Amino acid sequence: MKKVVVTGMGIVCPVGTGVEYAWKNILAGVSGVRKIDKFDASGFASQIAGVPVRGEKPGEFNPDTVVDPREQRKMDLDIIYGMVASDEAMRDAGLVDGGYDADRFGVSIGSGIGGVQTITDTDADLIQSGPRFVSPFFVPKAIVNMTAGYVSIKYGLRGPNLATATACATGSHSIALALDLIRSGRADIMIAGGTEAAVTPLAVAGFSAMRALSTRNDDAAHASRPWDAARDGFVLGEGAGILVLEEYEHAVRRGAKIYAEVAGAGMTADAHHITAPAPNGVGGMRAMKLAIDDAGLKPEDIDYVNAHGTSTGLGDVGELIAVRELFGDNGACMSSTKSMTGHLLGAAGAIEAIFSVLAIRDNIVPPTINLENPIEEVGNFNLVPNVAQKRRVDAALSNSFGFGGTNASVVFKRVK
């Protein structure tokens, strides 16, 4: 079976645009959650979110450096996020100037929702002004696969081109599918990940109606608090995470920088409920076990788990049950970076995959901030409360669980 490695990464997220900027803030326990300023949220139950900071300073989101402002008018924000993160990943991998067989270079970038703001705005135009005022760019701005399309067009990538939409598991599924395409010989390189721009009135209202979001509106930085007894829901976030996956021998031949091996992936379904996880955590546990088995490892070989860890009542407990079933009563060293970024839905798994790879590179695991009073189910688990921990990380597992009961886990390990 072909060996697959990570040779490039790019990120746009609430704690920074650019991998190194984001990682520095993650290790420092910096929260990217703040009051929503994209629209007037004063009448909403939840008025906070994790949104990339726009600006021209290093670490801020400035799409004009990647996408012509005239072209941005043809794109929903989720596409723009994906384009900016993809540009960083391609540059990081040393691929922006070519040097590859375009027929064997593919794209696997998905989104949980796609262009929700575009859909909302266009519907308003239709109702208020009639069908003649619907933009011809409506459909390509709104559909989930258009980030993958734009990326392939920009770089001339003619290999497999696909977009996964599996809610909060999208980013991890996109990586898993890219892994399979390279392993099977259908591609040499895949650019893979997820993007989301769901901090919009409609999405915030929808998640609020489900009572899924935190309403700690006067204390935004402390609102996302996985496994803490005072948690009251997740914090919505947006951004993009992109990884360049490459067949190992191909990467070696071109002298590429290699971060880690994408060693295995597991995918399962709870077959239980449209939004609630299975109470016994069996779906998540099976996804983790399949990923570890696929990597040729054992549970005790996993040095760090980047948890799904959303800060919800049922989800946090279900993941603890799953991890305890697989790893034992002490669990694994596990943390939730969503405590700092919020939950980026379809982009979450890819961003957290990047953090897992960096944990291996730097032998340090990021903290779970705001973990002040752990729930009883935590037991003896090391959830890395509030401060990053230096420790050897040779193998890391990243979890993503989504509505509809869909589960994905991906294992990364050090290349020796």
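Use the structure listed above.
Notes on the structure follow. Just so it is clear, the structure is predicted and the values come from calculations on it, not from any experiment.

Before going further, it helps to examine the pairing of strand β14 (residues 395-402). Two faces belong to every sheet, and in a regular strand the side chains alternate between them. The element β14 is largely enclosed, with a buried count of eight among its eight residues. Burial along β14 is two-sided: Ala395, Leu397, Asn399 and Phe401 and Ala396, Ser398, Ser400 and Gly402, pointing in opposite directions, are all buried. One ladder, built from eight bridges, connects β14 with strand β15 (residues 406-413); its direction is antiparallel. Looking at β15, one finds that Asn399 is bridged to Ser409. As consecutive antiparallel partners, β14 and β15 are separated by three residues, and within that stretch Gly404 has a phi angle of approximately 85°, a positive value.

So, about the packing of aromatic side chains. Evaluation of the coordinates by the stated rule reveals six aromatic pairs. Judged by centre distance (5.5 Å) and plane angle (75°), the rings of Phe207 and Phe234 are edge-to-face. Taken together, the residues span a long stretch of sequence, with Phe207 in helix α8 (residues 201-209) and Phe234 in the loop between α8 and β8 (239-247) at a distance of 27 residues. Ring geometry for Phe207 versus Phe403: centroids 6.5 Å apart, planes at 50°, classification tilted. Of this pair, Phe207 sits in helix α8 while Phe403 sits in the loop between β14 and β15; the two residues are 196 residues apart in sequence, bridging distant segments of the chain. Given a relative accessible area of 12%, Phe207 falls into the buried group. By relative accessible area, which is 33% here, Phe403 ends up partly exposed. Each member of the aromatic cluster is reached from another via a ring pair, and the members are Phe207, Phe234 and Phe403. Over the aromatic face of Tyr248 sits the side chain of Lys3, whose NZ or CZ is 4.2 Å from the ring centroid.

Let us look at the pattern of salt bridges. Throughout the structure, instances matching the rule amount to 21 salt bridges. Across the salt bridge formed by Glu238 and Lys38, the nearest N and O atoms sit 2.9 Å from each other. Here Glu238 is found in the loop between α8 and β8, whereas its partner Lys38 is found in the loop between β3 (33-35) and β4 (48-50), with 200 residues between them in sequence. Judged by its relative accessible area of 0%, Glu238 falls in the buried class. When the shortest N-O distance is used, the salt bridge between Asp228 and Arg225 registers 3.1 Å. Accessibility expressed as a relative area gives 1% for Asp228, which makes it buried. According to the relative accessible area criterion, Arg225 is buried, its value standing at 3%. Through salt bridges with shared partners, one network takes in Glu20, Arg361 and Asp362.

A word on helix α11 (residues 313-327). Under the 1.5 Å per step criterion, the end-to-end length of α11 is 22 Å for 15 residues, consistent within 8% with the ideal 21 Å. Within the span of α11, buried status applies to Asp316, Val317, Gly318, Glu319, Leu320, Ala322, Val323, Leu326 and Phe327. On its buried face, α11 is in contact with α10 (282-294), β10 (304-306), β11 (334-335) and β14. The opening residue of α11, the one whose side-chain oxygen lies 3.3 Å from the backbone nitrogen of Gly315, is Thr312. Downstream of α11 by a residue or two, Gly328 has a phi angle that is positive, lying close to 100°.

Here Glu352 is to be found in helix α13 (residues 348-362). A polar contact is formed between the side chain of Glu352 and the side chain of Lys338, at a distance of 2.9 Å. The residues contacting Glu352, other than those within four sequence positions of it, are Asn306, Ala307, Thr337, Lys338, Ser398 and Asn399.

Let us now look at the packing of helix α1 (residues 19-27) against α13. Interhelical geometry of α1 versus α13 gives an angle of 80° and a closest axis separation of 11 Å. When the axes of α1 and α13 are compared, the pair comes out roughly perpendicular. Judged by residue contacts, Val19, Glu20, Ala22, Trp23 and Ile26 of α1 engage Ile354, Phe355, Leu358, Ala359, Arg361 and Asp362 from α13. Considering only residue class, the contact of α1 with α13 consists of eight nonpolar, no polar and three charged.

What follows covers the packing of α10 against α11. Axis separation between α10 and α11 bottoms out at 8 Å; the angle between their running directions is 45°. In terms of orientation, α10 lies oblique with respect to α11. Where α10 crosses over α11, the handedness of that crossing is right-handed. Packed against α10, whose contacting residues are Gly284, Met285, Met288, Lys289 and Ile292, the element α11 presents Ala322, Val323, Glu325, Leu326 and Phe327 at the interface. Here the contact of α10 with α11 is composed, by residue class, of seven nonpolar, one polar and two charged.

About the thresholds
- The numbers attached to residues start from 1 for each chain and follow its sequence in the written order.
- Per-residue local features of the predicted model are confined to residues with pLDDT of at least 70, and side-chain atom pairs are confined, for both listing and counting, to 80 or more; whole-chain, interface and lining totals are unaffected and use all residues.
- Calculation of side-chain values draws on the structure's entire complement of heavy atoms; hydrogens and water are dropped beforehand.
- Under the scheme applied here, a residue whose accessible area is under 20% of the maximum for its type counts as buried, over 50% as exposed, and between as partly exposed, the area being computed with a 1.4 Å probe on protein chains only.
- A run of H or I in DSSP becomes a helix once it reaches four residues, and a run of E becomes a strand once it reaches two; helices and strands are each numbered from the N terminus.
- At least two bridges found by DSSP between two strands are what make those strands a pair.
- In summary, the pairing rule links any two rings of Phe, Tyr or Trp, Trp by its six-membered ring, whose centres are within 6.5 Å, and it sorts them by plane angle into stacked for under 30 degrees, edge-to-face for over 60 and tilted for everything else.
- Here, a charge over a ring is recorded when the distance from Lys NZ or Arg CZ to the ring centre is within 6 Å and its angle to the ring normal is within 35 degrees.
- Note on definitions: salt bridges are taken to be side-chain nitrogens of Lys or Arg within 4 Å of carboxyl oxygens of Asp or Glu.
- Expected span, for any helix, means 1.5 Å times one less than how many residues it has.
- Contacts are assigned to residue pairs with any non-hydrogen atoms lying within 4.5 Å of each other.
- Pairs of N or O atoms are called polar contacts if they sit within 3.5 Å, as long as, within protein, a hydrogen donor faces a hydrogen acceptor (for residues adjacent in sequence, only side-chain-to-side-chain pairs).
- Structural elements are reduced to axes, namely lines fitted to C-alpha atoms, with helices fitted over the stretch in contact, and the angle between N-to-C directions of any two is expressed from 0 to 180 degrees.
- Should an angle lie under 35 degrees it is considered roughly parallel, over 145 roughly antiparallel, and from 65 to 115 roughly perpendicular; all remaining angles are considered oblique.
- Classification used: nonpolar for Ala, Val, Leu, Ile, Met, Phe, Trp, Tyr, Cys and Pro, charged for Asp, Glu, Lys and Arg, polar for all others including Gly.
- Should the near helix be turned anticlockwise from the far one by less than a right angle, the crossing is termed left-handed; should it be turned clockwise, right-handed.

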